[in-house]
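Now for the letters of each chain:
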Amino acid sequence: MKVKFIAASAIIAALYIAVTMLVAPISFGQVQFRIAEIFNHLVAFNPRYMLGVVLGVFISNFLLSSIGPIDLIFGVGHTIITLGIFIFICKFVKNIWARLIINTTLFTFTMFIIAAQLNIVLGFPFWETWLFVAFGEFVVLAVGAPIMYILNKRLNFKKLI
């Protein structure tokens, strides 16, 4: 691995962790708005950002989750599965706006994984919890898509890693 890739991945992970810590009370639970999920959109520009995002999720869940180790399995698993599917889809979709919309939709839908975790561990009702966590994910990613699009115009994410 190149130093540039390792450094960029570490920076993304650190940013994810910092943003999650900054708004920790709304980053976990039945109703959550994990603002750091905006970094999922980086993968729309370059799939190599996946490592930094996954590391950020892992460390954030390890340090901050009150649920314990199961959050490492479900939370990190959710991110790996969803980004893996998204990267596959991106092989066929080249338009950045389409990718951002697909990513938002995909992450919103797959929040059933997080809802299942909260149902198993805390006994929250599955369907209600899926609705709540999916809504939070949708809001963060829908608001984040134009932000990341504008930042990309200035920073060119594809070439930064």
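Attention here is on the structure that accompanies the text.

**Focus: the overall build of the protein chain**
Argument step 1. Scanning the protein chain from N- to C-terminus turns up eight helices and zero strands.
Argument step 2. Computed over C-alpha atoms, the radius of gyration of the protein chain comes to 15 Å, within 12% of the 15 Å expected from 2.2 N^0.38 for 161 residues, which places it in the range of a compact globule.
Argument step 3. Across its three principal axes, the protein chain shows a C-alpha extent of roughly 45 × 30 × 25 Å.
Argument step 4. In the protein chain, which comprises 161 residues, the proportion classed as buried is 47%.
Argument step 5. Expressed as a percentage of contacts within the protein chain between residues at least 6 apart in sequence, the contacts between residues at least 24 apart total 69%.
Argument step 6. Accessible surface, the protein chain as shown: approximately 8,200 Å² in total, 77% of it carbon and sulfur.

**What about the side chain of Ser-65?**
Argument step 1. Within the secondary structure, Ser-65 sits in the loop between helix 3 (50-64) and helix 4 (70-90).
Argument step 2. Looking at Ser-65, its side chain comes within polar contact range of the main-chain nitrogen of Ile-67, at 3.2 Å.
Argument step 3. A polar contact is formed between the side chain of Ser-65 and the side chain of Asp-71, at a distance of 2.6 Å.
Argument step 4. Other than its neighbours up to four places away in sequence, Ser-65 contacts Phe-28, Ser-60 and Asp-71.

**Notes on the nonpolar core**
Argument step 1. Phe-39, Leu-42 and Tyr-49 are the most contacted members of the largest nonpolar core, which totals 28 residues.
Argument step 2. Those elements that provide at least two residues to this core are helix 1 (3-22), helix 2 (42-45), helix 3, helix 4, helix 5 (96-109) and helix 7 (126-155).
Argument step 3. When sequence neighbours within four positions are dropped, the list of residues in contact with Phe-39 reads Leu-15, Tyr-16, Val-19 and Val-53.
Argument step 4. Met-111, Leu-118, Trp-130 and Ala-134 belong to the second-largest nonpolar core, a separate cluster that totals eight residues.

**Quick look at the packing of helix 3 against helix 4**
Argument step 1. Running from N to C, helix 3 and helix 4 cross one another at 165°; their axes reach a closest spacing of 9 Å. As far as their axial angle goes, helix 4 and helix 3 are roughly antiparallel. Crossing of helix 3 over helix 4 shows right-handed handedness. Facing Met-50, Val-53, Val-54, Val-57, Phe-58, Asn-61 and Phe-62 of helix 3, the residues of helix 4 in contact are Asp-71, Leu-72, Gly-75, Val-76, Thr-79, Ile-80, Leu-83, Gly-84 and Ile-87.

**Description of the packing of helix 1 against helix 3**
Argument step 1. Following both chains from N to C, one finds helix 1 and helix 3 inclined at 40°, their axes separated by 7 Å at the closest point. Our classification of the angle between helix 1 and helix 3 gives oblique. For the pair helix 1 and helix 3, the crossing hand works out as right-handed. Contacts between helix 1 and helix 3 involve Phe-5, Ser-9, Ile-12, Ala-13, Tyr-16, Ile-17, Thr-20 and Met-21 from the first element and Leu-51, Gly-52, Val-53, Leu-55, Gly-56, Val-57, Ile-59, Ser-60, Leu-63 and Leu-64 from the second.
Argument step 2. When the residues that make up the contact of helix 1 with helix 3 are grouped by side-chain class, the tally is 13 nonpolar, five polar and no charged.

**As for the packing of aromatic side chains**
Argument step 1. Applying the stated rule across the entire model yields twelve aromatic pairs.
Argument step 2. Here the aromatic rings of Phe-33 and Phe-135 are separated by 6.2 Å at their centres, their planes lie at 85°, and the arrangement is edge-to-face. Residue Phe-33 is located in the loop between helix 1 and helix 2, and its partner Phe-135 is located in helix 7; the two are separated by 102 residues in the primary sequence.
Argument step 3. Ring centres of Phe-109 and Phe-112 lie 5.5 Å apart, and the angle between their planes is 65°; on these two criteria the pair is classed as edge-to-face.
Argument step 4. On the accessibility criterion, Phe-112 (30% relative accessible area) is partly exposed.
Argument step 5. Counting every residue linked through ring pairs, the aromatic cluster contains Phe-109, Phe-112, Phe-126, Trp-127 and Trp-130.
Argument step 6. The positively charged end of Arg-34 is found above the aromatic ring belonging to Phe-28, 4.5 Å away from the centroid.

Here is what the cut-offs are and how they apply
Residues numbered from 1 in each chain as written. Predicted model: local features only at pLDDT ≥ 70, side-chain atom pairs only at ≥ 80, totals over all residues. Heavy atoms only, no water. Helix = DSSP H or I, 4+ residues; strand = E, 2+ residues; numbered from the N terminus. Rg over C-alpha atoms; globule rule 2.2 N^0.38 Å. Buried < 20%, exposed > 50% of the residue type's maximum accessible area, 1.4 Å probe, protein only. Contact = heavy atoms within 4.5 Å. Areas by Shrake-Rupley, 256 points an atom, 1.4 Å probe, with all protein chains shown as cover. Polar contact = N/O pair within 3.5 Å; in protein donor to acceptor, adjacent residues only side chain to side chain. Core = buried A, V, L, I, M, F, W, Y, C linked by side-chain atoms within 4.5 Å. Axes fitted to C-alpha atoms, helices over the stretch in contact; angles between N-to-C directions. Parallel < 35°, antiparallel > 145°, perpendicular 65-115°, else oblique. Left-handed = near helix turned anticlockwise from the far one by under 90°. Nonpolar A, V, L, I, M, F, W, Y, C, P; charged D, E, K, R; others polar. Phe/Tyr/Trp six-rings, centres within 6.5 Å; stacked < 30°, edge-to-face > 60°. Lys NZ or Arg CZ within 6 Å of the ring centre and 35° of its normal.

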